[in-house]
Amino acid sequence: MGVGKAKFLIDRRLAILLNLDQFLLPMAQLGKDLKALILALDYGGTKHTAGIVAVGERVWLSYERISSPLGADACSDQATMLKLARKLLADADGRLIAVGVSFGGPVDGLTGTVKLSHHVPGWEDTPLRDQLQAEFGVPAAVGNDANVAALGEWKFGAGQGCPSFLYVTVSTGIGSGWVLHGQIFNGADGMAGEIGHVIARPGGAECVCGKRGCLEAEACGPAIGRKMRERWGAGSPEPWTGETVARAARQGDPRAQEVMDEAARLLGAGLGGAINLMNPERVVLGGGVTKSGERWWRLVRETARFHALPQMRVDIQPAALSDDAPLWGAVALTGK
Ligand SMILES: [Zn+2]
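All of the points below concern the structure found in this document. (Residues numbered from 1 in each chain as written. Predicted model: local features only at pLDDT ≥ 70, side-chain atom pairs only at ≥ 80, totals over all residues.)

Glancing now at helix H9 (residues 294–307). Here H9 contains 14 residues, and its C-alpha end-to-end distance of 20 Å stays within 8% of the 20 Å for a straight helix at 1.5 Å per residue. Those residues of H9 lying buried are Trp-296, Leu-299, Val-300, Thr-303 and Ala-304. Looking straight down H9, one finds that the buried residues subtend no more than 125 degrees of arc, so they occupy a single side. Turned more than 90 degrees away from the buried face of H9 sit Glu-294 and Arg-298, all of them exposed. Looking at the packing, one finds that the buried side of H9 touches helix H8 (254–278) and strand S12 (316–318). (Helix = DSSP H or I, 4+ residues; strand = E, 2+ residues; numbered from the N terminus. Expected span 1.5 Å × (residues − 1). Buried ≥ 20, exposed ≤ 12 C-beta atoms within 10 Å, placed from the backbone. Arc of directions from axis to C-beta. Contact = placed C-beta atoms within 7 Å.)

Written out as structure tokens, the structure reads:
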């Protein structure tokens, strides 16, 4: 080979390299500029929510909540959620790096396996974390909704800065989650924080768990409505619910006040017991029943104070993130 031909080949290689560089550099630049995104999913009993947020930011880039139809099962719920997630991701400007999940039912927080759903059949022993990792090709983390919501309030809401923190949601049921030193406390079976099934009134109302007198069966929204119907329902045109009883109580109906006061005191006693056990820095309450008004809050706080040891702080505050606590908790769960 002559010198001239060899030089031509080197130039040619250089040219190819340069051309490649011209192609590769913008691609590398593009990869750097793309926002790192987290997909947060909340599998609720009756609603599913998905949101996308850029790492380190506190505003949803996209967010959508849809109702789960009557008669849904695990298969249809999963298909609905994946369709929703794919739609949000298709419109998102960035690259997905993690998926965080809040699930409405017991979950093994270590393996991300759903044990069951209290609302929808077919979720028994579903390896949801593995399914999502296979679907999206990025790490996923899955937790129980009350635990994940606790983490959300701790990191982004009313529990910020608290080394030991209890979050309790009082709505259609009563759930809670502990965050201790920045970590969800799962317990030996991943079930820690079931304050709703601590006995508030031995032999009392029947609970969804099959036992009697659980705090949930005495103080959640449906329990308040049921008590009102049982005690005062005869002749009343009202289809009492937790919300309508709370409204009637605020308007001065003494029957509704009696029922609401009783529920508030039982919840306060339960919280006092939890405070005695763990001595948390702060307790945060979320869920629809916490919108019952000042009188309900005063009774909850007074009763918790009465039952807690006098040397312990009783700092009970309203949640800051409202319905989005599980979704922000799902973001926090990814550790990004
Ligand atoms: Zn129970």
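Still more ground to cover, so stick around.
What follows covers the environment of Ile-52. Mapped onto the elements of the fold, Ile-52 is located in strand S2 (residues 47–54). Given 23 C-beta atoms within 10 Å, Ile-52 falls into the buried group. The spacing of Ile-52 and Ile-38 is 14 residues in sequence and 5.7 Å in space, taken between C-alpha atoms.

Spatial ordering of the open sheet is given by S10-S9-S8-S11-S12, a layout of 5 strands whose pairing is mixed. Edge strands, defined here as strands with exactly one partner in the open sheet, are strand S10 (183–184) and S12. For strand S9 (residues 174–180) and S10, the ladder comprises 2 bridges, and the chain directions are antiparallel. Residue Leu-180 lies in a different strand from S10, and its bridge partner there is Gln-183. Its contacts with the sheet put helix H4 (residues 145–156) on strand S8 (164–170), S9, S10 and strand S11 (282–286), and the angle it makes with S9 is roughly 50 degrees. H8 rests against S8, S11 and S12 of the sheet, and its axis sits at about 160 degrees to S8. (Pairing = 2+ DSSP bridges. Axes fitted to C-alpha atoms, helices over the stretch in contact; angles between N-to-C directions.)

Bear in mind that shape data such as this cannot, by itself, settle questions of function.
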